[in-house]
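Architecture and fold: a report
Below, each chain spelled out in residue letters.
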Amino acid sequence: MVRVIAIEEHFVTAELHPSNWADGLEDLGEGRLAAMNAAGIDVQVLSAPPPGVQQLPPDEAIVAARSVNDRLAEAVAAAPGRFAGFATLPTPAPKAAATELARAVDELGFRGVMLHGHTGGRFFDDPMFLPIFETAHDLDVPVYLHPAPPPPAVFDAYFSGLDESVAGMLATGAWGWHVETGLQALRLIVSGLFDRFPSLQVILGHMGEFVPFGLARADTVLRDAVPGLRRGVAEYFQENFHVTTSGFFTAPPLQCALSVVGVDRILFAVDYPYAKNADGADFLRSAPIAPADRAKIAHLNAERLLAI
């Protein structure tokens, strides 16, 4: 059997209050391992779901992030070879967040960081967050840019006037937060972030948050609009981004991602427990791709990017 590493798999601790609850989030032990075993998943890279600690006051966020990371490190140590971690950061205090990222990588052995959507309505191309990206670049670890519910002004503008439950789903997992996260990826590119940190790697879940489908159009339209960039928008995306399969288990998005970014930049993820391990694993094993490409997506790319 091919080794399987799933890299967008979520957990909670007492400090975390996710925007959506799912059964299994709080389990960092035998129940989670049993669910992995049943689906043939060897390793989960664990991360806090949105909003993490990103909407807390700075002082509270610093304390909470450290506690969450310590708890995750305990879970990783308790299940050797089965879990790895992405750091939770107190983004309301960017310098402290950079310090916590260094601690999480150097002392706790984490493989990168997950950032969620926005902090107090500020997206991550804001210069205030540069210390986080600089630290990730210097440590040679990736930043996983994950969706979060939109800021209130965005929600009101685009999703008001709908049934509450429908609006909530359209604003998040059905559509809105994928588009918003894809937009943030483009904002990072046009901000010049990757000219400043040329080897920085960013991961997008959900088959690239719709960017692969529209990348050629964005590249063409933005080519002359941002004259200071050293490369084209598509080139940045193809050299500084990876995408995962989290929650997207049909062939057309995979075929698009393969065509646009190539198999070496696609990694397997489930989005557990919001998505089912069995659904993700069945898709991985049945996808219409060559065995060598399946091995890259299943584990080889994650081993290279995350040093697992």
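To keep things clear, this report deals only with the structure shown in the data block. Note that the structure is a prediction, hence the values are computed from the model and not measured. (Residues numbered from 1 in each chain as written. Predicted model: local features only at pLDDT ≥ 70, side-chain atom pairs only at ≥ 80, totals over all residues. Heavy atoms only, no water.)

Leu115, Phe133, Ile189, Phe194 and Phe237 are the most contacted members of the largest nonpolar core, which has 81 residues in total. The element that contributes the greatest number of residues to this core is helix 2 (residues 58-78), accounting for seven residues. Excluding its chain neighbours within four sequence positions, the residues that come into contact with Ile189 are Phe194, Leu229, Val233, Tyr236, Phe237 and Phe241. The next biggest cluster of nonpolar side chains, apart from the first, holds 14 residues, and it includes Val43, Ile203, Ala269 and Leu305. (Core = buried A, V, L, I, M, F, W, Y, C linked by side-chain atoms within 4.5 Å. Buried < 20%, exposed > 50% of the residue type's maximum accessible area, 1.4 Å probe, protein only. Helix = DSSP H or I, 4+ residues; strand = E, 2+ residues; numbered from the N terminus. Contact = heavy atoms within 4.5 Å.)

Okay, the pairing of strand 2 (residues 43-47) next. Among the five residues in strand 2, five count as buried, and that is most of the element. Side chains Val43, Val45 and Ser47 of strand 2 all project onto a buried face; the interleaved residues Gln44 and Leu46 project onto the opposite face, where all are buried too. Of the strand pairs in this sheet, strand 1 (residues 5-10) and strand 2 are connected by four bridges, and their pairing is parallel. Along strand 2, the bridge assignment pairs Ile5 with Val43. Bridge count between strand 2 and strand 3 (residues 83-85): three bridges; the pairing is parallel. Of the residues in strand 3, the one forming a bridge with Leu46 is Gly85. The β-α-β motif built from strand 2, the intervening helix 2 and the parallel element strand 3 has right-handed crossover chirality. (Pairing = 2+ DSSP bridges. Right-handed = clockwise from strand over helix to strand, strands pointing away.)

What follows deals with the layout of surface pockets. Estimated volume of the largest pocket: approximately 330 Å³. Every residue lining the largest pocket is counted, 19 residues in all, and those nearest its centre are Gly173, Trp177, His206, Asp271 and Tyr274. The residue makeup of the lining of the largest pocket, split by class, is eight nonpolar, ten polar and one charged. Empty space within the second largest pocket amounts to approximately 210 Å³. Forming the walls of the second largest pocket are Phe123, Pro150, Val154, Tyr158, Phe159, Ala171, Trp175, Gly176, Trp177, Val179, Glu180 and Leu183. Every element with two or more residues in the lining of the second largest pocket is listed here: helix 5 (152-159) and helix 7 (176-190). (1 Å grid on protein atoms, 1.4 Å probe; cavity = no way out; pocket = protein on both sides within 12 Å on 5 of 7 lines; lining within 4 Å. Points joined across faces, edges and corners; volume = space filled by probe spheres on them. Nonpolar A, V, L, I, M, F, W, Y, C, P; charged D, E, K, R; others polar.)

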